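Structural overview
If you want the building blocks of each chain, they are given just below.
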Protein chains: 2
Amino acid sequence: MANIKDIAKMANVSVTTVSRVLNNHPYVSQEKRNAVLQAIEKSNYQKNYNAVHLSTGKTFLIGVVLPYSNHPYFGLLVEGIANEALTLNYNIVLIQTNYDKNRELEALDMLKHKQIDALIICSRICDWDTLKHYSSYGSITLCEDTRGRNLSSTFIDHYESFFTALEFLASKGHSKIGYCIGRTSGTNSTQRESAYRDFLQKYNHPYEVHYIFNNCLFLEDGEQVIKEIKKMTDPPTAILVTSDQVAAGMVTCCHKENISIPNKLALIGFDNQPIAKLMAITTMEIPLVQMGRNLVIQATNSKDTTYDQFKSRLIERETV
Amino acid sequence: MANIKDIAKMANVSVTTVSRVLNNHPYVSQEKRNAVLQAIEKSNYQKNYNAVHLSTGKTFLIGVVLPYSNHPYFGLLVEGIANEALTLNYNIVLIQTNYDKNRELEALDMLKHKQIDALIICSRICDWDTLKHYSSYGSITLCEDTRGRNLSSTFIDHYESFFTALEFLASKGHSKIGYCIGRTSGTNSTQRESAYRDFLQKYNHPYEVHYIFNNCLFLEDGEQVIKEIKKMTDPPTAILVTSDQVAAGMVTCCHKENISIPNKLALIGFDNQPIAKLMAITTMEIPLVQMGRNLVIQATNSKDTTYDQFKSRLIERETV
DNA sequence: CTGTTAGCGCATTCAT
DNA sequence: ATGAATGCGCTAACAG
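Residues numbered from 1 in each chain as written. Chains lettered and ligands numbered in written order. Predicted model: local features only at pLDDT ≥ 70, side-chain atom pairs only at ≥ 80, totals over all residues. Heavy atoms only, no water.

The next subject is the packing of helix α2 (residues 15–22) of chain A against helix α3 (residues 30–43) of chain A. All names here are of chain A. Running from N to C, α2 and α3 cross one another at 85°; their axes reach a closest spacing of 10 Å. The orientation of α2 relative to α3 falls into the category roughly perpendicular. Between α2, through T17, V18, V21 and L22, and α3, the contact on the second element is made entirely by R33, V36, L37 and I40. The residue inventory of the contact of α2 with α3, partitioned by class, reads 6 nonpolar, 1 polar and 1 charged. (Axes fitted to C-alpha atoms, helices over the stretch in contact; angles between N-to-C directions. Helix = DSSP H or I, 4+ residues; strand = E, 2+ residues; numbered from the N terminus. Parallel < 35°, antiparallel > 145°, perpendicular 65-115°, else oblique. Contact = heavy atoms within 4.5 Å. Nonpolar A, V, L, I, M, F, W, Y, C, P; charged D, E, K, R; others polar.)

Shown next, in the form of structure tokens:
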């Protein structure tokens, strides 16, 4: 395959001139430009981007770290990320970790190794020190509140969001409220737990450990939760479900088990996924696609650290 | 940041020797090796992979072309792709096309430009000539029957699969059968249409155009279909739904509209997604995760062209 | 076992 | 407006 040197020879110019027309630089006479263009045409020349990358030190690649690619939450996030990346002429390297810390570290190493220009971590496992260390090699952007940590982020105030949802349930007369969550670690989960505890304290409700369900990520997990609730002698009357997927699983299961929603059990999902609309699930909307877009903008603006908070919003439907 | 030359100097050896220990080549004395290792340690040296890529002409990157990243079908496929890529030490570049042909061409250009070693096209729009042209730049693997086209692929015999499903419905006494599909173009869709026509002919049923619903991809589309069916004076009694998502939307909608399933309307989904299990949807299972893994194996085996057919399987549940 | 040397293909500074 | 020369960091053929 022809390279820039060949083109130079064919067009009777220097490689510099070829490079100039290739990159639309000024100061090239029309004739030489044409000559180069013709040579390119004739030889079916194609830039070798590895050479460009080595020479410029940039790859126009953004790494995206996420645990699962088949979860609708990340699906929407990636949707936004991919679209914005496209408009900014970046490409996306998908790094699926299955929540394995080593894979997250490998992703960080890619930053070190200059395989990618920036990293977006949609769900973090690493500690902050590690992250800060790696951020010297390239921009790292997170999807959780990082204020005070000097790393850019796009996030929801999950404390406020959770509290809002809880207050809504309280206003409907619920006092025995539980919640489902994907994992208990992580900033987002911690914020939610604080909101939950503060809420209980405010209303003087007891903290019932078995009202909290961990590892709730997929549809099937919703089924599991309902089964557990059925076994309880004093079950919750309402549940905050941090994923519409899981909420949908619960609704379907309740249907089968003849548990009336919202009379017997009230549900508030999160995200406002299509399934929530279809199944008329009351939910806290989270603008995932926009957040995805924003993440890319931050990741490519490596100069300044920004903390962009997005708003969630209660969408009342029929499960409360 | 230190480079291989610096290390060579520090360790008092040549760059070749450094390269040798870096790449675990034999023929390096233990002392020199140690010296190099120490220098690497001390200087916090990191390989620059762009240089490696330029020098070796490989990137260990596989491009994955798909229309939407938030569709469960592709979610599962990518799940498999990402996992196998990991084990083979490849990374994935996600290219979301939204079915825009230009983006598919851009992906093909990445192959030309050596930004990626191979390309997996999960859902194709390009014509075969274009594809064949680009395949000279790197391996292209498809997710549809490509036999006779000299391009590797992992696929389902959608003709057989569709026919099986149709026969099952016939055995249950259905004669007015329709189907929903994502798009009418593409090998997979064509195969299904042939099966459908052959089936009608076999049983001497008329071809009713309005029994075929196009653009059915997401949950919401299922709702739409049901609405259309409700308007019909002579509606189908059974429908093949090429996506469990859409089938789930239909089931939910029928529930709302008090259309009894399977009595009034029978449904067969495709994929066997978790939602199909949860909602007890009869479905044709497609081993998407395994297929994803296989695609990567083919993509990285650029030597020989292979056509790997996977089996689909009817899973009887409660919608027929 | 080890080092010298020549690329890989392009960008860019500096001189003209 | 143009080109020569240098560098980006690493690999690998070749010589010893």
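Turning our eyes to something else, we now look at the domain arrangement of chain A. Residue and element names in this part refer to chain A. Segmenting chain A into domains produces domain 1 (4–47), domain 2 (59–156 + 289–311) and domain 3 (158–287). The straight-line distance from the C-alpha centre of domain 2 to that of domain 3 is 28 Å. Summing both sides of the interface, domain 2 and domain 3 together bury roughly 1500 Å²; the carbon and sulfur share of this comes to 53%. Three residues, H71, P72 and I156, lead the burial of domain 2 against domain 3; their summed loss comes to 34% of the area buried on that side. Connecting domain 2 to domain 3 are 0 salt bridges. On inspection of domain 2 and its partner domain 3, the count reaches 11 residue pairs in polar contact (both at pLDDT 80 or more). When contributions to the side of domain 2 that touches domain 3 are tallied by element, the ones reaching two or more residues are α5 (72–87) and α13 (288–300). (Domains from an automatic or database assignment. Buried area = accessible area lost by both parts, 1.4 Å probe. Salt bridge = Lys/Arg side-chain N within 4 Å of Asp/Glu carboxyl O. Polar contact = N/O pair within 3.5 Å; in protein donor to acceptor, adjacent residues only side chain to side chain.)

We now examine the sheet that holds strand β5 (residues 152–156) of chain B. Reading across the sheet, the 12 strands line up as β11(A)-β5(A)-β4(A)-β3(A)-β1(A)-β2(A)-β2(B)-β1(B)-β3(B)-β4(B)-β5(B)-β11(B) and stay open at both edges, with mixed pairing between neighbours. The open sheet terminates on both sides in strands that have one partner only, identified here as β11 (307–310) of chain A together with β11 (307–310) of chain B. Averaged over all pairs of adjacent strands, the angle between strand axes in this sheet comes to 20°, irrespective of strand direction. Sheet topology note: the strand β1 (residues 61–66) of chain B/strand β3 (residues 118–121) of chain B ladder contains 4 bridges and is parallel. Paired with V64 of chain B across the bridge in β3 of chain B is I120 of chain B. In the packing of α5 of chain A onto the sheet, contacts are made with β1 (61–66), β2 (91–96) and β3 (118–121) of chain A together with β2 (91–96) of chain B, and the angle to β2 of chain B comes to roughly 75°. (Pairing = 2+ DSSP bridges.)

Around DNA strand D, a shell composed of 25 residues is seen, among which T16, Y27 and S29 of chain A together with I4 and Y45 of chain B lie nearest. Near the protein, meaning within 4 Å, the atoms of DNA strand D are sugar or phosphate in a fraction of 61%, with bases accounting for the rest. In this structure, S19 of chain B approaches DNA strand D through a side-chain N or O atom, which is 2.9 Å from a phosphate oxygen. Breaking the surface near DNA strand D down by element, the ones donating at least two residues are α2 and α4 (49–56) of chain A together with α2 (15–22) and α4 (49–56) of chain B. (Near = heavy atom within 4 Å.)

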